[in-house]
Amino acid sequence: MASCGPQCRDHAQQYRQLCHPVQCPGDVVRRQRSPAVAAGDPGRHGKQGGTQVVLATGADSEMGRKRTAVQQLIAAYRNVGQRWADLDPLKRTERPNIPELEPSFYGFSDADQETVFNTSNTFFGKETMSLRELINALRETYCGTIGAEYMYITDQNKKRWWQQKLESIRSKPSFSPEKKKSILERLTAAEGLERFLHTKYVGQKRFSLEGGESFIASMDELIQQAGAKGVQEIVIGMAHRGRLNVLVNTLGKMPKDLFAEFDHTAPEELPAGDVKYHQGFSSDVSTSGGPVHLSLAFNPSHLEIVNPVVEGSVRARMDRRGDPKGSQVLPVLVHGDSAFGGQGVNQETLCLAQTRGYTTGGTVHIIINNQIGFTTSDPRDMRSTVFCTDIVKMVEAPVLHVNGDDPEAVVLATQLALEYRMTFRQDVVIDITCFRKLGHNEQDTPALTQPLMYKKIAAHPGTRKLYADKLAAQGLGESLGDDMVKAYRAAMDAGKHTVDPVLTNFKSKYAVDWSPYLNKKWTD
């Protein structure tokens, strides 16, 4: 083959300089050629108005690098910001060191803090922000008391949905004084029932919710918001932790009926039964969108095994109503943190979540994450994943990790989770990080196996007290919290509710009429 002549080598050198500037790294900037430049050699450089590739050097190159670095910083917070979020009420460990969340990782210094960058690909409400403003906004949104995981979702629309919802409000709720009082009332009810049972029925097992009272506020918000969005039935599956609280404070079981079970004075017509924290219940409650029928599934077996039962019940109700998308029926599954990642039935249930024959239009999962599994509290001994919720990544379900000591954040996370489920008809998870005030049951002494953890728990004043003090500081009433505690205690003494949303005279056309079978012999 003949060797390349001088003219050919000339062209090759110019090509390398224009398109492969390896010897002088920097940003490549594409810009329109001016008519004058283009006219210089139309044969060699192309038509007038074409694109010329030039090399940005010096200050331009450095600014281009910083612009790219800012986009990397934004992506880092969206991807791993939740690992630096303020999630643990007990603050047992220091926040981890995550270099990707530090500006210095990308070559920024203090001198860059006031440099303004384009932030039009965020939802902070500004086209441009200084580096300082941007970092503060990212930390408020992704590293506060809500830590969001959604960047593993394949669908770009869903990612943008979460970015818009979270970044536009910096993951901060903005509730009215009345709404805040309502949240405090739910916390008071959750704590009040547990303390009443603890003093009246000393030593009896009830698998207390104490330390996770925000869960009751979450359930109340979920039901009310679901009713407003047109849901008419909610089927709930859960284990024993907090079940008595849900029975009384969510489904509206009369306290005196629960007390009768503790006193063994309740009628027992069957020759054998089950313990009260395995019992199911159903009721109709009022919401702004109309009555909602609640069903708490019986769970006489072990923890998570009730989940496919709930999904099957929901699918049957959807089919009966002619509701293929799950607009009228909502499954809600409540999990423990260790059981959620540890029991295989969860993987099996998730595997069917979006299949045509079994889908229920998305399940709202709530984790009562008390950071301990029976007697194990160190994550290094509990699981092989970062979070207990990592199993849901198999179905690309987003997760909102939230600090249980911030009940307003818990309520906000509940609102967002339900809206996502109703919009996209897919599973979503609320991971409420809290603690377990007492032992696995009330007869245990957890300080024997977890002395450091329970030293911190003993010093914790309780979520209700913290929130009552916060509202008092906001001017909503110095005695507001104490007044609610007294009112709830008086209601418990009377065996009644302070608030009773249960509808006694409502009957849905889809309700099953059991009256023909009541007070009859089974052999008839």
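Treat the numbers as computed from the prediction; the structure is a model and nothing was measured. (Residues numbered from 1 in each chain as written. Predicted model: local features only at pLDDT ≥ 70, side-chain atom pairs only at ≥ 80, totals over all residues. Heavy atoms only, no water.)

Topic: the environment of Lys 165
Rules: Helix and strand assignments follow DSSP, with helices taken as H or I runs no shorter than four residues and strands as E runs no shorter than two, numbered in order from the N terminus. Residue contacts are defined here by distance: any two heavy atoms, one from each residue, within 4.5 Å place the two residues in contact.
Mapped onto the elements of the fold, Lys 165 is located in helix 6 (residues 156-167). Sequence separation between Lys 165 and Phe 123 is 42 residues, and the spatial gap between their C-alpha atoms is 8.4 Å. For Lys 165, the residues in contact, after removing those within four places along its chain, are Leu 416 and Glu 419.

Structural notes on the pairing of strand 8 (residues 290-296)
Threshold: Exposure classes here rest on a 1.4 Å probe applied to the protein chains alone. A residue is buried below 20% of its type maximum, exposed above 50%, and partly exposed in between. A pair of strands is treated as paired once DSSP finds two or more bridges between them.
Across the seven residues that make up strand 8, a large majority, five, are buried. For strand 6 (residues 233-237) and strand 8, the ladder comprises four bridges, and the chain directions are parallel. Bridging from a neighbouring strand, Glu 233 pairs with His 293 of strand 8. In textbook terms, the turn of a hairpin is the stretch between consecutive antiparallel strands, and for strand 7 (residues 281-287) and strand 8 this stretch comprises two residues.

Regarding the confidence of the model for the protein
Let me state the cut-off plainly: Confidence scores labelled pLDDT are given residue by residue by the predictor and lie between 0 and 100.
Looking at the protein as a whole, the pLDDT averages 87, with 87% of positions reaching at least 70. With pLDDT under 50 throughout, residues 11-47 is counted as low confidence; its partners more than four residues away or in other chains account for 45 contacts.

Here's the deal with the nonpolar core
The following threshold applies: Only buried residues count toward a nonpolar core. Its members are Ala, Val, Leu, Ile, Met, Phe, Trp, Tyr and Cys residues joined through side-chain atoms within 4.5 Å.
Counting residues in each nonpolar core, the largest one holds 92 residues, and the members touching the most others are Trp 162, Phe 215, Ile 234, Leu 330 and Ile 366. With ten residues, the top contributor of residues to this core is helix 15 (residues 407-424). Apart from residues lying up to four places away in sequence, Leu 330 is in contact with Leu 222, Ala 226, Val 231, Glu 233, Ile 234, Val 235, Val 314, Gly 362, Val 364, Leu 418 and Arg 421. Formed by nine residues, the second largest nonpolar core is a distinct cluster that contains Phe 340, Ile 367, Ala 397 and Val 399.

Remarks on the layout of surface pockets
Operational definition: Site definitions follow a grid-based scheme: protein atoms alone, a 1 Å grid, a 1.4 Å probe that fits but cannot get out for cavities, and for pockets an open set with protein on both sides within 12 Å along at least five of seven lines, plus lining residues having an atom within 4 Å of a point. Grid points are joined across faces, edges and corners, and a volume is the space filled by probe spheres set on the points. Ten residues, namely Ala, Val, Leu, Ile, Met, Phe, Trp, Tyr, Cys and Pro, are considered nonpolar, four, namely Asp, Glu, Lys and Arg, are considered charged, and the remaining ones, Gly among them, are considered polar.
The calculated volume of the second largest pocket comes to roughly 910 Å³. Lining the second largest pocket we find 27 residues, and of these Asp 88, Thr 93, Pro 96, Gln 371 and Pro 379 sit closest to its centre. Mapped by element, the contributors of at least two residues to the lining of the second largest pocket are helix 14 (379-382) and strand 12 (428-433). With three residues, the top contributor of residues to the lining of the second largest pocket is helix 14. Looking at side-chain class alone, the lining of the second largest pocket contains eight nonpolar, seven polar and twelve charged residues.

A short note on the pairing of strand 5 (residues 146-149)
Burial along strand 5 is two-sided: Ile 146 and Ala 148 and Gly 147 and Glu 149, pointing in opposite directions, are all buried. Of the pairings in the sheet, the one linking strand 5 to strand 11 (residues 399-403) comprises four bridges and is antiparallel in character. What sits directly across from Gly 147, in strand 11, is His 401.

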